[in-house]
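Report on the structure
Residue-level listing of the chains:
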Amino acid sequence: MAKQYEMLVGGKWTKARNGATRDILDPASGELVAKVPESGREDVVAAIEAARAAFDHGPWRKTTALDRSKLLLKLADAIRGEAKMLAELETRNCGKPLAEAEFDVADAANCFEFYAGLATKIHGETMQVPANSLSFVVREPIGVCGQIIPWNYPLLMAAWKLAPALAAGNCVILKPSELTPLTALELARMVTQLEFPAGVVNVVTGPGAGAGEELASNMKVDKIAFTGGTVTGRKIMAAATSNIKKVTLELGGKNPNIFFADADLEAAVDGALFGAFANQGEVCSAGSKLLVERSLHKPLVEGMLKKIPRIKLGHGLTAGTKMGPLVSSAHREKVEAYIKIGQDEGAKLVCGGKRPAGKEFERGNFLEPTIFDNVKPTMRIAREEIFGPVLSVIPFDTEEEAIRIANDTEYGLAAAVWTKNVNKAMRVMQQIRAGIVWLNTYHPTFNEMPWGGYKQSGIGRELGLYGIEAYLETKQMNLNLDEAPIGWY
Ligand code: NAD
């Protein structure tokens, strides 16, 4: 029988107040994996009240940074201790190949460890001011933080949100995507097995409509941190105006992967395919807009086509699978609609574009890795985030043209440049308007380095020192050292 989960509210396991549940399906087989509460606004309000009470009146505010650090280290260890279960559950819930899920789980543990280290390094500063005053700056937690995450990296996104917020001393309400709540609920269970006071970590499951909206608009939430689509991000930002919440947004991207003629061909082929098709292309930083210098165009496309058969589709738990199903049938339909748009726009479909044939694919949301060649920068498939395994190849002639096409987007999350010429690499990397730029590689992400976007890819940064900044208030304190009254009146 499928496991029936409950949500963590104020240290207690609870059902949705109206009793509603949602079936969580394996996107590769359609099988029922689990049932979770489908919370509404009232459940989120209860979680907010619990977090508010824990922050305003609970023992959490009095825990030392060292205690918080030790707790986060224990959480990292707990994740590692159950890594196999978490990775398999992640694969069964969102479809990704097991090797990718294993990587995510390890990275999530590392993230908690990184912020465990930072918890004890939060510090203020003193200032010389033009008065007989001792003036200094202290850093404090923001308070109650709502955190809303997407379905493509469920556990990792939970770690990116929870780790810095808890290290800084906040109380949180985490809402995973309604499609992929399972590993976040397991993480919540691990939290209850450690010494976190009740109400410090709350995990509510439910949809954006109602549950998510409440978290973004509720007057008792001090900060909202969101990762998801730009359209949703806009709504969250508007909802957050209710009480002028602090806002962090990690949104979508249409990321240029730029190959110059002198790039190493073999590395280029690998980097192009990995950039576009890792995690089924369901990656905010996917290199889905490939720009290639004219003389490398043919060899690069031919090289990719030769290697594409190695991207073996299948259930993520089957050995050898390199690409799993898309997260839901509705999402596959959205991606397929873009494939039709690409064909109608006149781009040349050189591989994929359809559902794979075979009995093992019949019940899952599978889609072949798809490449469009001779794409024009004005086409919708070159401009809009498809969030699936669809790559658009655009040839260019000059460095200036490559930079212009790369930057001709409303997004600015990530980009990569491939060349052996260091001067050219630096020129181009400097001019790219994006928060992350790689050279001769694609996708490496480090807990130590800031993550986030320019333009409509978001506001603020996660990870690194920047990630903890996003969960801290800044207070100036002034001590008058004079004894005499100021004598103004
Ligand atoms: P989504 O925006 O549909 O949903 C994300 C989350 O927001 C879910 O938990 C959902 O329930 C919630 N939500 C939806 N509507 C809401 C509302 N009105 N108010 C409050 N919450 C609401 O995104 P998705 O389809 O789950 O994920 C895909 C998107 O996420 C892509 O655009 C991708 O680029 C982006 N993403 C960005 C990053 C990054 O770091 N920049 C990382 C991963 C994913």
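Here's a quick rundown of the structure. (Residues numbered from 1 in each chain as written. Predicted model: local features only at pLDDT ≥ 70, side-chain atom pairs only at ≥ 80, totals over all residues. Heavy atoms only, no water.)

This model, assessed by the stated rule, comprises 32 salt bridges. Among the ionic pairs, glutamate 38 bridges to arginine 22, the shortest N-O distance being 2.8 Å. On the criterion of sequence distance, the pair formed by glutamate 38 in the loop between strand S5 (32-37) and helix H1 (41-57) and arginine 22 in strand S4 (residues 21-25) is long-range, its members being 16 residues apart. Residue classification places arginine 22 among the partly exposed residues on the basis of a relative accessible area of 23%. (Salt bridge = Lys/Arg side-chain N within 4 Å of Asp/Glu carboxyl O. Helix = DSSP H or I, 4+ residues; strand = E, 2+ residues; numbered from the N terminus. Buried < 20%, exposed > 50% of the residue type's maximum accessible area, 1.4 Å probe, protein only.)

With antiparallel pairing, three strands are arranged side by side in an open sheet as S6-S7-S21. For this open sheet the edge positions go to strand S6 (125-127) and strand S21 (472-480), each flanked by a neighbour on one side alone. When the angles between neighbouring strand axes are averaged without regard to direction, this sheet yields 25 degrees. The pairing of strand S7 (residues 133-141) with S21 spans nine bridges and is classified as antiparallel. Of the residues in S21, the one forming a bridge with valine 137 is glutamine 476. (Pairing = 2+ DSSP bridges. Axes fitted to C-alpha atoms, helices over the stretch in contact; angles between N-to-C directions.)

Attention now goes to the side chain of serine 457. Mapping serine 457 onto the fold places it in the loop between strand S19 (436-439) and strand S20 (458-459). According to the relative accessible area criterion, serine 457 is buried, its value standing at 0%. Residues contacting serine 457, with those up to four places away along its chain left out, are Leu249, Glu250, Leu251, Gly252, Gly253, Tyr411, Gly412 and Leu413. (Contact = heavy atoms within 4.5 Å.)

With that settled, the discussion passes to the sheet that holds strand S13 (residues 256-259). Spatial ordering of the open sheet is given by S15-S16-S17-S14-S13-S18-S19, a layout of seven strands whose pairing is mixed. Pairing within the sheet leaves two strands with one partner each, and these edge strands are strand S15 (348-351) and S19. Averaged over all pairs of adjacent strands, the angle between their axes in this sheet comes to 20 degrees, without regard to strand direction. Here strand S14 (residues 289-293) runs beside strand S17 (residues 390-396); their pairing, made up of five bridges, is parallel. When the sheet's bridge partners are listed, leucine 291 is paired in S17 with isoleucine 394. Sheet strands in contact with helix H11 (residues 329-345) are S15, strand S16 (370-373) and S17, and its direction is about 20 degrees off that of S16. Where helix H14 (residues 422-431) meets the sheet, its contacts fall on S13, S14, strand S18 (414-418) and S19, and the angle it forms with S19 comes to roughly 165 degrees.

Surveying the vicinity of the ligand reveals 28 residues, the closest of which are Ile149, Glu178, Thr232, Leu251 and Glu385. The side chain of tryptophan 151 places a nitrogen or oxygen atom 2.8 Å from an oxygen atom of the ligand. Comparing atom positions with the cavity grids shows the ligand to sit within the largest pocket. Residue classes in the shell around the ligand are distributed as 13 nonpolar, nine polar and six charged. (Near = heavy atom within 4 Å. Polar contact = N/O pair within 3.5 Å; in protein donor to acceptor, adjacent residues only side chain to side chain. 1 Å grid on protein atoms, 1.4 Å probe; cavity = no way out; pocket = protein on both sides within 12 Å on 5 of 7 lines; lining within 4 Å. Sits in = over half its atoms within 2 Å of the grid points. Nonpolar A, V, L, I, M, F, W, Y, C, P; charged D, E, K, R; others polar.)

All right, on to the nonpolar core then. Side chains of a nonpolar character, in soluble globular proteins, are inclined to be buried together. Grouped together as the largest cluster of nonpolar side chains are 122 residues, with contacts concentrated most on Phe112, Phe196 and Met304. Excluding residues within four positions of it along the chain, phenylalanine 196 makes contact with Trp60, Leu71, Leu72, Leu75, Leu166 and Val191. Formed by 30 residues, the second largest nonpolar core is a distinct cluster that contains Leu367, Val390, Ile394 and Ala415. (Core = buried A, V, L, I, M, F, W, Y, C linked by side-chain atoms within 4.5 Å.)

All right, on to the packing of helix H4 (residues 98-119) against helix H5 (residues 154-167) then. Any two packed helices are characterised by how steeply their axes cross, that is the angle between the axes, and by the distance between the axes. Where H4 contacts H5, the axes come no closer than 9 Å and their chain directions differ by 10 degrees. Looking at the two axes, H4 sits roughly parallel to H5. Listed contacts from H5 to Asp104, Val105, Asp107, Ala108, Cys111, Phe112, Tyr115 and Ala119 of H4 are Leu155, Leu156, Ala159, Trp160, Leu162, Ala163, Pro164 and Ala167. Residue classes in the contact of H4 with H5 are distributed as 14 nonpolar, no polar and two charged. (Parallel < 35°, antiparallel > 145°, perpendicular 65-115°, else oblique.)

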